[in-house]
Amino acid sequence: MPLRDQTYLRVVLYEAADAEPLDGEQRFQAMSRLLGQGFALTRVGVAGRTAPADDVPALVLGRFRNGVEKITAEATTDRVRFTNISGFTDEQIVGAVETTRVEQKAVQHGGWKPWFPVIDYDRCTNCMQCLSFCLFGVYGADSAGSIQVQNQDNCKTNCPACSRVCPEAAIMFPKYKAGPINGAEVKEEDLQREKMKVDISALLGGDIYSMLRMRSERAQSRFSKERDADKALNERQKCLTKLAAMGDIPPEVLMSLPSPEEIQKRAIEAKAKAEAALAAQRV
Amino acid sequence: MSSSPEQPPGILFCNCTYAQIIDPAVKAAVLRQLCDSGQSFEAVADLCEMSARKDPALKRLTAGDSVKIAACYPRAVKWLFASAGAPLNVACTEVLNMRELAAQPVVDRLLAADLVPNLPPGKATPASPNATFPTPPASS
């Protein structure tokens with residue numbers, strides 16, 4: 001099921017009027033564990049404000065003074081449940097939340113590391129280089145020809161390669177290790193460095209995929225004479241290692257690339273999409 | 001440059017659960033002090049994950065006059081929300097970067113009554129290239 005269609009459970013820890021507060025350590029441990037399991041939490045304290053209710057399933061936890069039965073009768077709906085956690089350990093609190101998640105058919109969290117490009121539209125010039133470059137269909141264009149990230153799920157975890165081809169350093173991966181790709185402010189020296197990487201890539205054969213293709217073709221020609229499959233594999237691995245170092249691309253991503261013919265086909269398709277988007281901008 | 005909104009700013013804490021990019025000690029210290037403060041607040045497992053699935057809750061989480069967000073870089077946070085169709089108001093949002101700051105300055109700013117907007121100014125949303133939010137109000 002696509003990420004956007006999944007149902008989530010909102011957990012509310014109620015510690016305001018008519019409820020006893022949890023002790024500090026238990027509150028922290030319970031919240032830490034629930035966040036670690038992917039739940040979104042609202043803590044209702046004695047001060048400040050919380051976000052308004054919405055229509056997602058919610059579980060309200062509290063040490064209710066008047067007993068949960070009264071509150072439940074007045075406020076429980078199909079989507080909102082109350083649980084009195086008086087006497088619960090933090091483990092039992094987490095267990096109660098998990099039980100409700102299953103009953104509400106809400107999604108189990110943590111199955112996917114959220115790794116995908118985020119475009120900084122203050123910097124993006126809509127040049128479509130990212131769309132031309134990505135072989136996995138992550139990018140697309142809207143009806144007005146503006147670049148968009150359309151298929152986040154297709155992105156290859158830990159691969160920041162498209163951000164390397166962006167001449168404006170406009171593509172972020174917030175979970176990347178270093179700036180400006182992680183969202184840190186873009187400095188002039190960053191721009192120069194990013195441009196240099198693109199230039200190096202161009203010098204090596206237009207882009208890394210065409211470089212891969214060319215080397216593969218050269219190797220195929222040579223090995224067709226030598227008929228040595230081991231040498232072919234070694235050559236491919238050498239090429240992949242070099243590419244991985246150049247673009248900080250995880251070797252597993254490069255190793256999972258399709259055949260050179262398929263790469264060429266996808267590259268042509270991506271380029272056509274980019275050209276169509278650029279043409280739409282000009283209309 | 002700071003402003004004192006009429007309503008207290010909402011507080012949103014991102015646990016960045018699915019990556020090891022924020023010092024766990026910083027995250028834990030911020031969460032613990034928020035828990036101990038008696039303040040109401042919102043906490044989410046991972047803003048990136050919510051943005052990827054365009055979670056409608058992102059709009060709810062930032063509803064109201066103003067919000068302070070403990071997460072990562074302001075530039076990343078701005079466009080994570082915008083790309084999910086829940087653009088932040090530049091004039092009313094303060095992002096505390098737990099990748100760069102120690103826990104105490106983050107907590108101090110989260111619990112302070114005033115708000116220091118620090119999102120990058122510029123476009124409001126990807127789809128409105130000419131739309132911009134007003135610049136933050138002058139210092140009070």
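This is a predicted model, so every value here is computed, not measured. (Residues numbered from 1 in each chain as written. Chains lettered and ligands numbered in written order. Predicted model: local features only at pLDDT ≥ 70, side-chain atom pairs only at ≥ 80, totals over all residues.)

## Some words on the overall build of chain A
What chain A contains, in helices and strands, is 10 helices and nine strands. Counting contacts in chain A only where the partners sit at least 6 residues apart, residues at least 24 apart contribute 63% of the total. (Helix = DSSP H or I, 4+ residues; strand = E, 2+ residues; numbered from the N terminus. Contact = placed C-beta atoms within 7 Å.)

## So, the overall build of chain B
Of the regular secondary structure elements, chain B holds five helices and four strands. Reading the secondary structure of chain B in the N-to-C direction produces β-α-β-α-α-β-α-β-α. Each of the 140 residues in chain B was classed as buried or not, and the buried ones make up 54%. For chain B, restricting intrachain contacts to residue pairs at least 6 apart in sequence, the fraction spanning at least 24 positions comes to 77%. (Buried ≥ 20, exposed ≤ 12 C-beta atoms within 10 Å, placed from the backbone.)

## Details of the confidence of the model for chain B
Residues and elements named next belong to chain B. On average, residues of chain B carry a pLDDT of 87, and 86% of them reach 70 or more. In this model, residues 129–140 is a region of pLDDT below 50 whose contacts with residues beyond four sequence positions or in other chains number 24 contacts. Both confidence scores are given for the complex: pTM 0.83, ipTM 0.88. (pLDDT = per-residue confidence, 0-100.)

## Some points on the interface of chain A and chain B
Between chain A and chain B, the residue contacts involve 47 residues of the former and 45 residues of the latter. Sorting the residues of the side of chain A that touches chain B by element identifies helix 1 (24–36), strand 3 (40–44) and strand 6 (118–119) of chain A as the ones contributing at least two each. At seven residues, the largest contribution of residues to the side of chain A that touches chain B is made by helix 1 of chain A. Residues of the side of chain A that touches chain B, tallied by class, amount to 22 nonpolar, 15 polar and 10 charged. In this sheet, strand 2 (residues 41–44) of chain B lies alongside strand 3 of chain A in antiparallel orientation, the contact comprising three bridges. For Arg-43 of chain A, the partnering residue across the bridge sits in strand 2 of chain B and is Phe-41 of chain B. (Nonpolar A, V, L, I, M, F, W, Y, C, P; charged D, E, K, R; others polar. Pairing = 2+ DSSP bridges.)

## Re unusual backbone geometry
Of note, the amide linkage connecting Gly-179 of chain A to Pro-180 of chain A takes the cis form, showing an omega dihedral of 0 degrees. Among the secondary structure elements, Pro-180 of chain A is positioned in the loop between strand 9 (171–172) and helix 6 (188–203). Positive phi, normally seen in glycine, also occurs at Ala-169 of chain A, with a value near 55 degrees. Within the fold, Ala-169 of chain A resides in the loop between helix 5 (161–165) and strand 9. Look at Ala-169 of chain A and you get buried, because 20 C-beta atoms sit within 10 Å. At Cys-16 of chain B, a residue that is not glycine, the phi angle is positive and equals roughly 40 degrees. One can find Cys-16 of chain B in the loop between strand 1 (10–14) and helix 1 (24–37).

## Side note on the packing of helix 1 of chain A against helix 1 of chain B
The relative placement of two packed helices comes down to the angle between their axes together with the axis-to-axis distance. Between helix 1 of chain A and helix 1 of chain B, the least distance of the axes is 9 Å, while the angle of their chain directions is 130 degrees. Considering their axes alone, helix 1 of chain A and helix 1 of chain B lie oblique with respect to each other. Viewed along their axes, helix 1 of chain A and helix 1 of chain B form a crossing whose handedness is right-handed. Residue-level inspection shows Gly-24, Arg-27, Phe-28, Met-31 and Ser-32 of chain A of helix 1 of chain A in contact with helix 1 of chain B, the latter providing Ala-28, Leu-31, Arg-32, Cys-35 and Asp-36 of chain B. (Axes fitted to C-alpha atoms, helices over the stretch in contact; angles between N-to-C directions. Parallel < 35°, antiparallel > 145°, perpendicular 65-115°, else oblique. Left-handed = near helix turned anticlockwise from the far one by under 90°.)

## Considering helix 5 (residues 103–111) of chain B
In an α-helix, one turn spans 3.6 residues, which is why side chains three or four residues apart end up on the same side. Residues and elements named next belong to chain B. Listing the buried residues of helix 5 in full gives Val-106, Val-107 and Leu-110. Axial view of helix 5: buried residues confined to an arc of 95 degrees, hence all on one face. Away from its buried face, by an angle of more than 90 degrees, helix 5 presents the exposed residues Gln-104 and Asp-108. Where the residues of helix 5 are buried, they touch strand 1, helix 1, strand 3 (67–71) and strand 4 (93–97). (Arc of directions from axis to C-beta.)

## A look at the packing of helix 1 of chain B against helix 5 of chain B
All names here are of chain B. In contact at an axis separation of 9 Å, helix 1 and helix 5 are set at 35 degrees when each is read in the N-to-C sense. Here the hand of the crossing between helix 1 and helix 5 comes out right-handed. In this structure, helix 1 contributes Val-26, Ala-29, Val-30, Gln-33, Leu-34 and Ser-37 to the contact, and helix 5 contributes Ala-103, Val-106, Val-107, Leu-110 and Leu-111. For the contact of helix 1 with helix 5, the class distribution of residues is nine nonpolar, two polar and no charged.

## Some details on the environment of Thr-89 of chain A
Residues and elements named next belong to chain A. Of note, Thr-89 is situated in the loop between strand 5 (80–84) and helix 3 (90–103). On the basis of neighbour counts, which here come to 12 C-beta atoms within 10 Å, the residue Thr-89 falls in the exposed class. In sequence terms Thr-89 and Thr-42 are 47 residues apart; their C-alpha atoms lie 19 Å from each other.

## Quick word on the nonpolar core
Of all hydrophobic cores here, the largest spans 104 residues; its most connected members are Val-11, Cys-130 and Leu-131 of chain A together with Phe-13, Ala-70 and Val-77 of chain B. Counting residues per element, this core draws most heavily on helix 4 (residues 74–83) of chain B, which supplies six residues. (Core = buried A, V, L, I, M, F, W, Y, C linked by C-beta atoms within 7 Å.)

## Brief notes about the pairing of strand 4 (residues 58–64) of chain A
Residues and elements named next belong to chain A. Within strand 4, six of the seven residues are buried, which leaves it mostly tucked inside the rest of the structure. Relative to strand 4, strand 2 (residues 19–20) runs antiparallel, the two being bridged by two bridges. Residue Ala-19 lies in a different strand from strand 4, and its bridge partner there is Phe-64. Examined bridge by bridge, strand 4 and strand 5 share five bridges and lie parallel to one another. Each bridged residue has a counterpart across the sheet, and for Ala-58 the counterpart in strand 5 is Val-80.

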